[in-house]
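Descriptive structure summary
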Amino acid sequence: MRFPSAFVVLGLSVGSAIAAPSSTIHSHHVVHEKRAAEPLNWALSHRLEGHKRLPLRIGLTQRNVHNIEEMLMAVSHPESPEYGKHWTPQQVVDTFAPSDESVNKVVGWLENFGFSRDKIKMSANKGWIQVNATVSEVEELLDAEYHVYKHAETGEEQFGE
Ligand SMILES: *[C@@H]1O[C@H](CO)[C@@H](O)[C@H](O)[C@H]1NC(C)=O
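In short, a report on the structure. Predicted model, so just to flag it, every value in this text is computed and none were measured.

It is worth spelling out the site of the ligand at this point. The full set of residues close to the ligand is Arg-53, Lys-119 and Asn-132. Arg-53 places a polar side-chain atom, nitrogen or oxygen, 3.4 Å from an oxygen atom of the ligand. The side chain of Lys-119 places a nitrogen or oxygen atom 2.9 Å from an oxygen atom of the ligand. Its free accessible area being 370 Å², the ligand has 31% of it covered by the protein chains.

This part is about the side chain of Thr-95. Considering the arrangement of structural elements, one finds Thr-95 in helix H2 (residues 89-96). For Thr-95, a relative accessible area of 17% puts it in the buried group. Ignoring any residue separated from it by four or fewer positions in sequence, one finds Thr-95 in contact with Arg-63, Asn-64, Met-71 and Trp-87.

Before going further, it helps to spend a moment on the nonpolar core. Formed by 23 residues in total, the largest nonpolar core has its most connected members in Ile-58, Leu-110, Ile-129, Val-131 and Leu-142. Secondary-structure elements contributing two or more residues to this core are strand S3 (56-60), helix H3 (100-113), strand S5 (128-131) and helix H4 (135-142).

Calculation criteria
Residues numbered from 1 in each chain as written. Predicted model: local features only at pLDDT ≥ 70, side-chain atom pairs only at ≥ 80, totals over all residues. Heavy atoms only, no water. Near = heavy atom within 4 Å. Polar contact = N/O pair within 3.5 Å; in protein donor to acceptor, adjacent residues only side chain to side chain. Areas by Shrake-Rupley, 256 points an atom, 1.4 Å probe, with all protein chains shown as cover. Helix = DSSP H or I, 4+ residues; strand = E, 2+ residues; numbered from the N terminus. Buried < 20%, exposed > 50% of the residue type's maximum accessible area, 1.4 Å probe, protein only. Contact = heavy atoms within 4.5 Å. Core = buried A, V, L, I, M, F, W, Y, C linked by side-chain atoms within 4.5 Å.

Structure below.
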């Protein structure tokens, strides 16, 4: 299964994620970005515990993004009939919200995987689908492994794929 209109971003509440070469990739998973080497001074420490919560955020392709410049010009150009008609926050959300098709595909994929509906939430601006998942669930879903990396000098730890 492929989702051309969705990309996956892994959100972590602590620190930022470091992506490193992951495990075997099955045919239906596509790697979009990969680091050639582990970041300088960060060493692999241990596998992230499977039961830990790993909130997942899936970014959806927004509609009308290619028209932003035109829309801004219409509101800001004195000779435009739309001049000064500033948008309400709701208009902004509605204009750029992803299509129902994108949302349904991603939600369907998550439900098929086994996430109950109450674990899947839409962000307020409708740009993201958020999943309350554990490390084990995300690893299985994305066919990846999560590890903790430790900084050589400070001892600070960060999670990475
Ligand atoms: C995520 O799910 C767990 C287990 O069901 C629950 O305890 C926790 O409150 C949920 N977190 C959020 C942010 O919904």
